[in-house]
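# Observations on the three-dimensional arrangement
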Amino acid sequence: MDFSDLIKKRRSCHHFVPNLSIPDSDLVEMIERTRFTPSGYNAQPWEFVIIREKENIKKVGEIAFKQSHVAEASALIVVLADMDIGRNVDELLQDWLRLGYCTEEELPAYRNSIAKKRSPEKRKQMALRNTMLACMTLIYAAEDMGYATCPIMGVSQWELEEFINMPEDRCIALLIAIGTEDEGKEKTQLPRKKAESMIYWEKF
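First things first, this report covers the structure right here in the doc.

Calculation rules
Residues numbered from 1 in each chain as written. Predicted model: local features only at pLDDT ≥ 70, side-chain atom pairs only at ≥ 80, totals over all residues. Heavy atoms only, no water. Helix = DSSP H or I, 4+ residues; strand = E, 2+ residues; numbered from the N terminus. Buried < 20%, exposed > 50% of the residue type's maximum accessible area, 1.4 Å probe, protein only. Polar contact = N/O pair within 3.5 Å; in protein donor to acceptor, adjacent residues only side chain to side chain. Contact = heavy atoms within 4.5 Å. Pairing = 2+ DSSP bridges. Axes fitted to C-alpha atoms, helices over the stretch in contact; angles between N-to-C directions. Arc of directions from axis to C-beta. Salt bridge = Lys/Arg side-chain N within 4 Å of Asp/Glu carboxyl O.

The next point concerns the side chain of aspartate 82. Along the chain, aspartate 82 falls in strand β2 (residues 75–82). Accessibility expressed as a relative area gives 8% for aspartate 82, which makes it buried. Looking at aspartate 82, its side chain comes within polar contact range of the side chain of arginine 87, at 2.7 Å. Those residues within four positions of aspartate 82 in sequence are excluded, and the remaining contacts are Pro45, Arg87, Ala127, Asp169 and Arg170.

What follows is the structure in structure tokens.
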């Protein structure tokens, strides 16, 4: 499918066909495609908790304020942002050096830039800004593979964190429900703003 058509076709699905499963290989392929998402410093600060056991999906449906389409999904992916942006700084910089992105002399300055001390709020913002790019890539990857998705923001964060045993140095970027659309049940797609209503040339 042409990418322009894919963008227009994609919509948030609120009616999944219940009791269908997604092969693990397809879920892994979605992540395989998602890993090519761009990120600052090439830090790739994202991780994925894939939930596909029916009882666990139902539990997360409860945590997501009993939204029925969450409980009906074939799989759920909790996208996590790693707030330690410099966790693998030495490994990252070895790639930079090997591929000619920096010189030996520049390594200390780049290392300081990546791994420098930042406030907790700054670390969280950086992690989330990068990881939300991966969320959109994952949604388009699933759509391209024939699956419907719905990004879920209405969820009890602390309950979901506890349920997935999330480490303290991660934060939840998004919960994504994935499955097969129950055709004929979705309402007409809501309209989008016109491009000209969102554009400011040069300055606001």
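After that view of the structure, there is still more to cover.
The next point concerns the sheet that holds strand β1 (residues 46–51). Through backbone hydrogen bonds, the strands of a sheet pair up, either in parallel or in antiparallel fashion. Strands sit in the order β1-β2-β4-β3 across an open sheet of four strands; the sheet is antiparallel. In the strand order of this sheet, the two ends are held by β1 and β3 (148–152), each with one partner. In this sheet, adjacent strand axes meet at a mean angle of 25 degrees when their direction is disregarded. Alignment of β1 against β2, held across six bridges, turns out to be antiparallel. Paired with isoleucine 51 across the bridge in β2 is leucine 76. Lying on the sheet, helix α2 (residues 24–34) is in contact with β1, β2 and β4 (170–179); it crosses β1 at an angle near 165 degrees.

Of note, the phi angle at tyrosine 41 is positive, near 65 degrees, even though the residue is not glycine. Of note, tyrosine 41 is situated in the loop between α2 and β1. The exposure class assigned to tyrosine 41 is partly exposed, which follows from its relative accessible area of 26%. Located in the positive-phi region is glutamine 44, a residue other than glycine, with phi close to 50 degrees. The exposure class of glutamine 44 is partly exposed, given its relative accessible area of 33%.

For α2, the complete set of buried residues consists of Leu27, Met30, Ile31 and Thr34. What you see down the axis of α2 is that its buried residues fit within an arc of 95 degrees, all on one side. Seen from the open side of α2, the exposed residues pointing more than 90 degrees away from its buried face are Ser25 and Val28. Tucked inside the fold, the buried residues of α2 contact β1, β2, α7 (120–144) and β4.

Two side chains of opposite charge can pair, provided their charged atoms sit close to one another. Scanning all chains against the criterion turns up 12 salt bridges. Note that glutamate 143 and lysine 9 form a salt bridge whose closest N and O atoms lie 2.7 Å from each other. Of the two residues, glutamate 143 is situated in helix α7 and lysine 9 in helix α1 (residues 3–9); the sequence distance between them amounts to 134 residues. Notably, a salt bridge pairs glutamate 29 with arginine 33, separated by 3.0 Å at the nearest N-O pair. Taken together, the residues span about one helical turn, with glutamate 29 and arginine 33 both in helix α2 at a distance of four residues. Look at glutamate 29 and you get partly exposed, because its relative accessible area is 30%. Sharing partners across several salt bridges, the network here consists of Glu47, Asp82, Arg87, Asp169 and Arg170.

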